[in-house]
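# Coordinates in review
Each chain, letter by letter, is given below.
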Amino acid sequence: MEKILIVGASGQLGTELVVKLREVFGTSNVIASDIREGSGELMDGPFEILNILDADAYRAILKKHGITQVYHLAAVLSAKGEQDPHFAWKLNMESLLTVLESGKEQVRKIYWPSSIAVFGPDTPRDHTPQHTIMNPSTVYGISKLAGERWCEYYCQKYGVDVRSIRYPGLIGYKAKPGGGTTDYAVDIYWKAVEGQDFSCFLKPDTALPMMYMDDAVRATIELMEADASLVKTRSSYNLAGMSFTPDEVYRAVRKHYPDFKVSYAPDFRQAIADSWPKSIDDTYARNEWHWKPAYDLDKMTVAMIEGLKSALITQ
């Protein structure tokens with residue numbers, strides 16, 4: 001029986017991944033953890049308070065629950081990382097090394113997310129390939145690129161079964177925006193459903209790769225459940241869903257809210273977005289473990305609006 005620990009479970013991805021993993025493996029077999037107590041569905045099953053920088057506390061939880069798989073999601077994201085780069089590096093790197101070390105002992109399988117932030121201004125921005133120039137310009141991107149190298153190293157050197165995806169911007173309705181450059185595409189739906197206007201911190205024509213959360217969760221679990229012989233890329237996989245601009249998502253939302261208004265006030269996050277790809281080539285993921293997205297912009301917009309309406313009704 002698998003015993004799964006999610007580190008950083010209260011974040012945007014963790015919130016939904018916990019729910020899905022409990023559906024698949026059973027509530028008692030999926031332990032959520034974060035630096036402070038979670039809310040809502042996270043607390044419907046086992047939950048541990050954990051500061052992942054405390055390696056002894058992490059190892060104690062592994063032993064207590066007999067953990068066999070770890071999903072390590074705790075990180076300081078792109079925009080917040082620029083405000084305190086030293087702490088972002090410390091949290092993102094030290095925690096990963098702690099988790100990778102546990103893969104040499106008790107933990108049989110590890111998941112760690114990377115990001116399109118590993119790319120940089122010299123990277124081909126259209127259909128960015130799996131193997132290309134990678135010169136990130138943010139501490140978040142630098143830490144993710146270093147993390148990819150550590151993951152591949154631990155796999156090759158010690159046989160640690162670690163798997164990873166380079167996520168595009170993730171869009172879901174179960175958690176509010178958490179400080180990422182692509183989070184405008186979450187906030188815009190919140191504002192529309194709440195009947196407010198939206199001020200966007202990116203220019204209207206800024207194209208970025210995006211993915212609906214259901215696709216991201218499904219891809220994560222599919223990769224983790226794939227036979228090890230299929231997982232040939234041990235740094236991190238490119239993954240694509242869709243690409244769109246703030247203006248395009250605004251027009252998609254206006255099909256449902258004709259009076260909704262958006263203004264544009266680009267800030268420091270515009271420079272971050274300008275260093276990232278416009279679209280992603282995920283041929284390796286499609287060929288090696290048969291990835292295929294299910295959502296486009298219009299289908300995601302319907303799902304986001306319906307989900308947010310339900311969430312606001314129950315608040």
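Provided above is the structure to which this section pertains.
Attention in this report is confined to the structure presented alongside it. (Residues numbered from 1 in each chain as written. Predicted model: local features only at pLDDT ≥ 70, side-chain atom pairs only at ≥ 80, totals over all residues. Heavy atoms only, no water.)

### With respect to the layout of surface pockets
Short version of the rule: Here the term cavity refers to a set of points on a 1 Å grid, laid over the protein atoms alone, in which a 1.4 Å probe fits but cannot get out; the term pocket refers to an open set having protein on both sides within 12 Å along at least five of seven lines, with lining residues being those that place an atom within 4 Å of a point. Grid points are joined across faces, edges and corners, and a volume is the space filled by probe spheres set on the points. Segments assigned H or I by DSSP are reported as helices when at least four residues long, segments assigned E as strands when at least two residues long, and all are numbered from the N terminus. When residue character is reported, Ala, Val, Leu, Ile, Met, Phe, Trp, Tyr, Cys and Pro are called nonpolar, Asp, Glu, Lys and Arg charged, and the others, Gly included, polar.
Computed from the structure, the second largest pocket encloses a volume of approximately 250 Å³. Around the second largest pocket, the lining residues are E16, V19, K20, E23, V24, Y173, K174, Y212, D214, V217, R218 and I221. Contributing elements (two or more residues each) for the lining of the second largest pocket: α1 (12–25) and α7 (213–225). Taken together, the residues that form the lining of the second largest pocket break down as six nonpolar, no polar and six charged.

### Remarks on the pairing of strand β4 (residues 69–72)
Our working rule: Here's how the labels work: a residue is buried when its accessible area is under 20% of the maximum for its type, exposed when over 50%, partly exposed in between, all with a 1.4 Å probe on protein chains only. When DSSP locates at least two bridges between a pair of strands, those strands are taken to pair.
Taking every second residue as pointing to the same face, both faces of β4 are buried, with Q69 and Y71 on one and V70 and H72 on the other. Judged from the four bridges that link them, strand β1 (residues 4–7) and β4 form a sheet pairing that is parallel. Each bridged residue has a counterpart across the sheet, and for L5 the counterpart in β4 is V70. By the bridge criterion, three bridges tie β4 to strand β5 (residues 109–111) in an arrangement that is parallel. Across the sheet, residue Y71 finds its bridge partner in β5, namely Y111.

### Considerations on the sheet that holds strand β12 (residues 237–238)
If you walk across this open sheet you meet the three strands as β6-β8-β12, and the pairing is parallel. Each edge of the open sheet is held by one strand with a lone partner, namely β6 (114–115) and β12. In the sheet, strand β8 (residues 165–167) pairs with β12 via two bridges, with the strands oriented parallel. Bridging from a neighbouring strand, I165 pairs with Y237 of β12.

### Overview of the nonpolar core
Note the cut-off: Put simply, buried Ala, Val, Leu, Ile, Met, Phe, Trp, Tyr and Cys residues joined by side-chain atoms within 4.5 Å make one nonpolar core. Residue contacts are counted whenever heavy atoms from the two residues lie within 4.5 Å of one another.
Residues I171, Y184, Y189, F244, F260 and M300 are the most contacted members of the largest nonpolar core, which totals 43 residues. Broken down by secondary-structure element, the contributors of at least two residues to this core are α5 (139–158), α6 (184–193), β10 (198–200), β11 (208–212), β13 (242–244), α8 (246–254), α9 (269–274) and α11 (297–314). Top contributing element to this core by residue count: α6, with eight residues. Discounting chain neighbours no more than four positions away, the residues touching M300 are I171, Y189, Y212, M242, F244 and Y295. V30, I165, I221 and W291 belong to the second-largest nonpolar core, a separate cluster that totals 33 residues.

### As for empty space enclosed by the protein
Scanning the model with the defined rule gives one cavity of 30 Å³ or more in all. Taken as a whole, the largest cavity encloses approximately 40 Å³ of empty space. As for the largest cavity, its lining consists of A74, A75, N92, W112, S143 and K144. Along the lines of polarity and charge, the residues of the lining of the largest cavity split into three nonpolar, two polar and one charged.

### Topic: unusual backbone geometry
Residue H127 is not a glycine yet carries a positive backbone phi of 50°. Looking at the element boundaries, H127 is found in the loop between β6 and α5. The class for H127 is exposed, based on a relative accessible area of 56%. Positive phi outside glycine occurs at H290, with the angle close to 65°. The topology assignment puts H290 in the loop between α10 (283–288) and α11.

### Quick look at the sheet that holds strand β9 (residues 169–171)
Convention followed: Between the N-to-C directions of two axes lies an angle of 0 to 180 degrees, each axis being a line fitted to C-alpha atoms and, for a helix, fitted only over the stretch in contact.
Read across the open sheet, the three strands follow the order β9-β11-β13; overall the sheet is mixed. On the outer flanks of this sheet lie β9 and β13, each paired with one strand and no other. Adjacent strand axes in the sheet meet at a mean angle of 45° when their direction is disregarded. Here three bridges tie β9 to β11, and the two strands are oriented parallel to one another. In the strand pairing of β11, G169 is matched with M210. Taken strand by strand, α6 contacts β9, β11 and β13, and its axis lies near 25° from that of β9.

### What to know about the side chain of S236
Note the cut-off: Two N or O atoms count as a polar contact when they lie within 3.5 Å, although within protein this holds only if one can serve as hydrogen donor and the other as acceptor, and sequence-adjacent residues are included solely when both atoms are side-chain atoms.
Considering the arrangement of structural elements, one finds S236 in the loop between α7 and β12. The buried category is assigned to S236, whose relative accessible area is 0%. A polar contact is formed between the side chain of S236 and the backbone nitrogen of I165, at a distance of 3.3 Å. Discounting chain neighbours no more than four positions away, the residues touching S236 are S114, Q130, E148, S164, I165 and R166.

These figures capture arrangement, not role.
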